[in-house]
Amino acid sequence: MALPTVVEFRSPETPLHLASRLALANGYASMSQFLESAGIKRLALSMGDPVATDTLAFWSGIPASDISRYSHSRSRPGAPMAIAGATFSKGARSLSEIRLCPNCIAEDVVSRDGDQNISNAWCRAYWATKSYENCTTHRRPILAVASGGFDYGDFSLALEANLDQVIRSASEQWEPVFSAVDAFIEARVQDIPTNQYLDALEVHVAIDLAYQFGRFLQKYQEALPGHLSNSNNLEARDYGLTIASRGKDAMREAMVAVINHVRPPDKDGFFYGDFGRWLRRNSKKPEFHPVVEFFQDVAERNQPFDLGEVCFVPVRRRHLHSVTSASFAYGLSVDRVERLVVENGLLRGDLRTAARSYFDVEAAHEILRQAAEAMDSRQVMEILGISERVFHQCVKDGLIPLVEQREGERIYTRVLMSDLIDLQERLFREATIDMIDDRMVSLAQAVKLSSQPMSHILQLIIGGSLKLVTANSDHRRKISAIFLEKAAVLTFNRSRSAALASRPADTLSLKQVASLMRLHKMAVHSLAEHGWLGEVRISSFKKQRYVASTDFNSFAEKYVSTSEVARKFGVHTMMVTDELASHNVFPVPNLPKDITPFFRRSDLIGINLERRSPPRLRRRKA
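Here's what I pulled together on the structure shown here. Here the structure is a predicted model, which is why all the values come from computation and not from measurement.

Rules used in this analysis
- Residues numbered from 1 in each chain as written.
- Predicted model: local features only at pLDDT ≥ 70, side-chain atom pairs only at ≥ 80, totals over all residues.
- Heavy atoms only, no water.
- Helix = DSSP H or I, 4+ residues; strand = E, 2+ residues; numbered from the N terminus.
- Buried < 20%, exposed > 50% of the residue type's maximum accessible area, 1.4 Å probe, protein only.
- Contact = heavy atoms within 4.5 Å.
- Core = buried A, V, L, I, M, F, W, Y, C linked by side-chain atoms within 4.5 Å.
- Pairing = 2+ DSSP bridges.
- Phe/Tyr/Trp six-rings, centres within 6.5 Å; stacked < 30°, edge-to-face > 60°.
- Lys NZ or Arg CZ within 6 Å of the ring centre and 35° of its normal.
- Axes fitted to C-alpha atoms, helices over the stretch in contact; angles between N-to-C directions.

Turning our eyes to something else, we now look at the overall build of the protein chain. Helix and strand counts for the protein chain come out as 29 helices and 22 strands. With 622 residues in all, the protein chain has 48% of them scored as buried. Relative to all contacts within the protein chain whose residues are 6 or more apart in sequence, the contacts with residues 24 or more apart total 64%.

So, about the nonpolar core. Among soluble globular proteins, nonpolar side chains are generally buried collectively. Judged by nonpolar contacts, the single largest core of 77 residues is most densely connected at Ile105, Trp127, Leu159, Leu209, Phe213, Tyr272 and Phe295. Take this core: its biggest share by element is nine residues, from helix H11 (residues 203-219). Membership of the second largest hydrophobic core comes to 33 residues, among which are Met375, Ile400, Leu443 and Ala446.

Overall, mixed pairing links the four strands, which are arranged E14-E16-E17-E15 in an open sheet. Strand pairing shows two members of the sheet lacking a second neighbour, strand E14 (432-433) and strand E15 (440-442), which therefore form its edges. One ladder, built from three bridges, connects E15 with strand E17 (residues 482-485); its direction is antiparallel. Bridge pairing links Ser442 to Phe483 in E17.

Per the counting criterion, the structure on display carries 20 aromatic pairs. For the pair Phe275 and Phe295, a centre-to-centre distance of 5.0 Å together with 90 degrees between the ring planes defines the contact as edge-to-face. Remark: Phe295 occurs in helix H15 (residues 289-302) and Phe275 occurs in helix H14 (residues 273-281); sequence separation between them is 20 residues. There is no split in this pair, since Phe275 and Phe295 are both buried. One aromatic cluster in this structure is built from Phe213, Phe216, Tyr220, Phe271, Tyr272, Phe275, Trp278, Phe288, Phe294, Phe295 and Phe312. Lying across the ring of Tyr358, Arg263 places its NZ or CZ 5.7 Å from the centre.

Here we take up the environment of Leu157. Following the sequence through the fold, Leu157 ends up in helix H7 (residues 155-161). Residue class for Leu157 comes out buried when judged on its relative accessible area of 14%. When the C-alpha atoms of Leu157 and Ser119 are compared, they prove to be 9.2 Å apart, with 38 residues separating the residues in sequence. In this structure, Leu157 is in contact with Ser20, Ala29, Ser30 and Phe150, ignoring residues within four places of it in sequence.

For the rest of this paragraph, the subject is the sheet that holds strand E8 (residues 320-322). Taken in spatial order, the three strands make up an open sheet running E8-E10-E9, and their pairing is antiparallel. Two strands lie at the open edges of the sheet, namely E8 and strand E9 (347-348), each paired on one side alone. Bridge analysis of E8 against strand E10 (residues 358-360) gives three bridges, and the strand direction is antiparallel. Considered in E10, the bridge of Ser322 is made with Tyr358. Packing against the sheet, helix H18 (residues 361-373) makes contact with E8 and E10, and its axis sits at approximately 85 degrees to E10.

Fair warning: the whole summary comes from geometry, so function is off the table for now.
Right, dumping it as structure tokens:
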């Protein structure tokens, strides 16, 4: 049976607030008196207990399902209080005051005929939490009024005692304000979908995230691209919610932009400030797990944290190194690590101080590992027993591959031990251990007998062209311990001479060309390299260069050098270019710049240069 005076249920309204309005409308001294007379326990009704809600439904004439819809509940033991499933932190509960929008109340209490009826004023469920700060309907701040010692939840009785203050506040002017967070709270309390990412979080987690994330991004506005900046000057929590509502991709983009701008030193997880402390403080709470894991992943992938170090939680995998951390991990100098990553294009962003210069761990691992295992040239020369000249010959001919090489103020090279062992195995594979006698010659003697660089001799040994390789018993795989049979070296030398003699008769070596043209051999080499002497062929042994006689004759018939013109006309070479220019004859264009000028013979027909010497420079008298 319903009470004499019933009230209309308003959504979203909590069971206690409905009971408060019923008590006031029916003349009860308080909500507690009404609940006691109806046999309803206040806590049970607040939590939506079926027996309590059914009893209130009996007295109010309102369906129990409507009454319990916005009850307080807990999603699990120890969890924060929730309103209709929307959780709020304990600090957000309003126990000693009632919170309301004065304009909403003013509209509620005034009836159509102009009379005031306080029992018509209903408390919106989301007003009860301090997290809700502004009325989205009237765009004004929520007013907090002391409850004056009235029972918790007795909204109507507390409102009656403070109605004049509330109505007066409704008539005052205010600066219109709108908060995205307040709109989000309203929607979540009423179970209205808002955003896929944020709706997956508990409400108090999303609100805390919006505030902390917004504060953090506000500190680094200069680092953010325009579409992520706070161009509308929103408050921290609204700004944070705006970015978070765009999803994980936008949040990650913003965080990466800040990290790349600041480039914190390695092992520095504290540049996050209050935001980082908030994440660490809540890292063991289940409801915060998705948020903490997301930001932990962003930090791990964009800062050089090592395994086990703590950013927000312990790091599970190192993704980046700084130059400093890599120097420590691989036992290399900071300068060497920096040079390696820069030369190999591995640096992430611009080069800064060693602790603020990042690069990918996997991309750099093999390069740094090889560098850590590599030996310098002095170590290689000592192991192989060779001179510096022979070492550089072997490097040039590819017998000793380099993993690093630098030229500048300090020249150095690096060789892998594995490459060195491979060279030794190939050289000593067919070697026999025997006594050294007069029939054998050392590699140094073989070089003299064959007129070949030692690196070529070593290539012949590896290729099998020079056989009968011998080494003494204490060779330790040193190149200097290798001996060859003198007869084998002489036989090889005779076959090389025969091969050189078999060069086509209609060819000229570049040395012969230089002699015929009366030019320096370097000038001839330059002409040959630029294609002016036709195709340059190379002999199979001493790598002697030669050209076809027809190509040389064709060039000599068309062009004449400055020195030849000078000899022909009996003038000094310094006079030739200027004298011919006076006859509108100029050097052949596109010739190499490092050689003497050449002229076309056809341009010299009919020209006669006056025989004279260049003017002498007179010395000034002291």
